[in-house]
Amino acid sequence: MRYLVGILVVIFLAILGIVLLVGGGGNNDSASKPAKLSKTADYENSDGASISWTHQGQLVGDDKYRSIRVTVTRSTRKIEILSGYQDRVERTNEYPNTAAAFSTFTRALDNQGFGKERTVKQPDDRGICPLGNRFIYRLTDNSQEIMRTWSDTCLTANGPFGGGTNAVATIQQLFRAQIPDYYNYTANVQLSY
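Residue positions are given per chain, counted from 1 along the sequence in the order it is written. At least 70 in pLDDT is required for a residue's local features to be given in this predicted model, at least 80 for side-chain atom pairs to be given and counted, and no such filter applies to totals for whole chains, interfaces and linings, which use all residues. Water and hydrogen atoms were dropped before computing side-chain values, which therefore reflect all heavy atoms in the structure.

### Digging into helix α2 (residues 99-111)
- By the criteria applied, helices consist of DSSP H or I runs no shorter than four residues and strands consist of E runs no shorter than two, each listed in order from the N terminus. The span one expects for a helix is its residue count, reduced by one, times 1.5 Å. Relative to the 18 Å expected for 13 residues at 1.5 Å per residue, α2 spans 18 Å between its end C-alpha atoms, a close match to the ideal helical length.
- With a 1.4 Å probe rolled over the protein chains alone, any residue whose accessible area is under 20% of its type maximum counts as buried; one over 50% counts as exposed, and the rest are partly exposed. Looking at α2, one finds that the buried residues are Phe 102, Ser 103, Phe 105, Thr 106, Leu 109 and Asp 110. An end-on view of α2 places all buried positions within 165° of arc, on one side of the element. Residues Ala 100, Thr 104 and Asn 111 are exposed on α2 and point more than 90 degrees away from its buried face. What the arc covers is the set of directions going from the helix axis to the C-beta atoms.

This is how it looks when you write it as structure tokens:
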């Protein structure tokens, strides 16, 4: 009888262990949550889809604060120099785009994890990495925000962007390459002090 009770206790503990491992045991740790995924290629045929990357500079006074935003749609590629914390458009330049180019671009972004989002303790990017730079990644469809994530140059664990460190540099380059004169156009934009 004592052996039977011992065997039942071992079986019970084994089942409890399996339930805790598979069910997560009620652990709310953000590292255990799977990344959400918004596939940009799902919007490649939408005339209302817009994908943007914004490079925000160091936190300084409103009169000196600058950002660079590149936005790509099926029909246009646009670069904007933004001033102040209200993102006032200081100057802009626009180039034509094609549906085939947009489709290829969205798939390249998906391959880099552009739509991956992870849960973080501080989802708000305001005030984060004040002496570094922040990068905002957005996907909208007919003015409805589908996805907005961000990363920064201070700590890769800060933002909800889930594409990883190597993806950040590749995505930046993909957006910059959409603008033929990107480096000339942004040469006088001071992001660091």
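### Focus: the layout of surface pockets
- Points on a 1 Å grid, built from protein atoms alone, make a cavity when a 1.4 Å probe fits but cannot get out and make a pocket when they are open with protein on both sides within 12 Å along at least 5 of 7 lines; residues with an atom within 4 Å of a point are the lining residues. Grid points are joined across faces, edges and corners, and a volume is the space filled by probe spheres set on the points. In this structure, the largest pocket spans a volume of roughly 300 Å³.
- As for the largest pocket, its lining consists of 15 residues, and the residues nearest its centre are Gln 56, Tyr 85, Asp 87, Asp 125 and Arg 148.
- For the lining of the largest pocket, the secondary structure elements donating two or more residues are β2 (49-56), β7 (134-141) and β8 (144-152).
- The element contributing the most residues to the lining of the largest pocket is β7, with 3 residues.
- Split into classes, the residues belonging to the lining of the largest pocket amount to 4 nonpolar, 3 polar and 8 charged. Ten residues, namely Ala, Val, Leu, Ile, Met, Phe, Trp, Tyr, Cys and Pro, are considered nonpolar, four, namely Asp, Glu, Lys and Arg, are considered charged, and the remaining ones, Gly among them, are considered polar.

### Regarding the pattern of salt bridges
- When a carboxyl oxygen of Asp or Glu is within 4 Å of a side-chain nitrogen of Lys or Arg, the pair counts as a salt bridge. Tallied over the entire structure, the rule returns 9 salt bridges.
- Here Glu 80 and Arg 69 are joined by a salt bridge, their closest N and O atoms 2.7 Å apart. On the criterion of sequence distance, the pair formed by Glu 80 in strand β4 (residues 76-83) and Arg 69 in strand β3 (residues 66-72) is long-range, its members being 11 residues apart. There is no split in this pair, since Glu 80 and Arg 69 are both buried.
- For Asp 124, the salt bridge identified is with Arg 126, shortest N-O distance 2.5 Å.
- Arg 126 sits in the exposed class, given a relative accessible area of 67%.
- Residues joined by salt bridges that share partners form a network here, namely Arg 69, Lys 78 and Glu 80.

### Let's talk about the pairing of β7
- Counting buried positions over the 8 residues of β7 gives 7, a clear majority of the element.
- Bridge analysis of β2 against β7 gives 8 bridges, and the strand direction is antiparallel. The residue bridging Gln 56 from the neighbouring strand is Arg 134, located in β7.
- Where β7 lies against β8, 8 bridges are found, and the strand directions are antiparallel. Directly across from Asp 141, in β8, lies its bridge partner Gln 144. For two strands to pair, DSSP has to find at least two bridges joining them.

### Structural notes on the environment of Pro 96
- The residue Pro 96 is located in strand β5 (residues 88-96) in this model.
- Assessed through its relative accessible area of 64%, Pro 96 is described here as exposed.
- Along the backbone, Pro 96 and Ser 75 are 21 residues apart, and their C-alpha atoms lie at a distance of 5.8 Å.
- Any two residues whose heavy atoms approach within 4.5 Å at even a single point are treated as in contact. Those residues in contact with Pro 96, other than ones at most four positions away along the chain, are Ser 75, Thr 76 and Arg 77.

### Considering the side chain of Ser 46
- Tracing the backbone through its elements, the reader meets Ser 46 in the loop between β1 (36-37) and β2.
- A distance of 3.2 Å separates a polar atom in the side chain of Ser 46 from the backbone nitrogen of Gly 48.
- The contact partners of Ser 46, leaving out residues within four places of it in the chain, are Arg 74 and Asp 141. We call two N or O atoms a polar contact when they sit within 3.5 Å, provided that within protein one can donate a hydrogen and the other can accept it, with sequence-adjacent residues counted only if both atoms are side-chain atoms.

### What to know about the side chain of Thr 73
- Tracing the backbone shows Thr 73 in the loop between β3 and β4.
- Contact partners of Thr 73, with chain neighbours within four places excluded, come to Ala 49, Ser 50, Asn 97 and Phe 102.

### Quick notes on the pairing of β4
- Counting buried positions along β4 gives 6 out of 8 residues, so the element sits mostly inside the fold.
- In this structure, the hairpin formed by β3 and β4 is closed by a connection of 3 residues.
- When β4 meets β5, the two strands line up antiparallel, connected through 8 bridges. Considered in β5, the bridge of Arg 77 is made with Tyr 95.
- Linkage of β4 to β5, two consecutive antiparallel strands, is achieved through a turn of 4 residues, within which Gly 84 is found at a positive phi near 70°.

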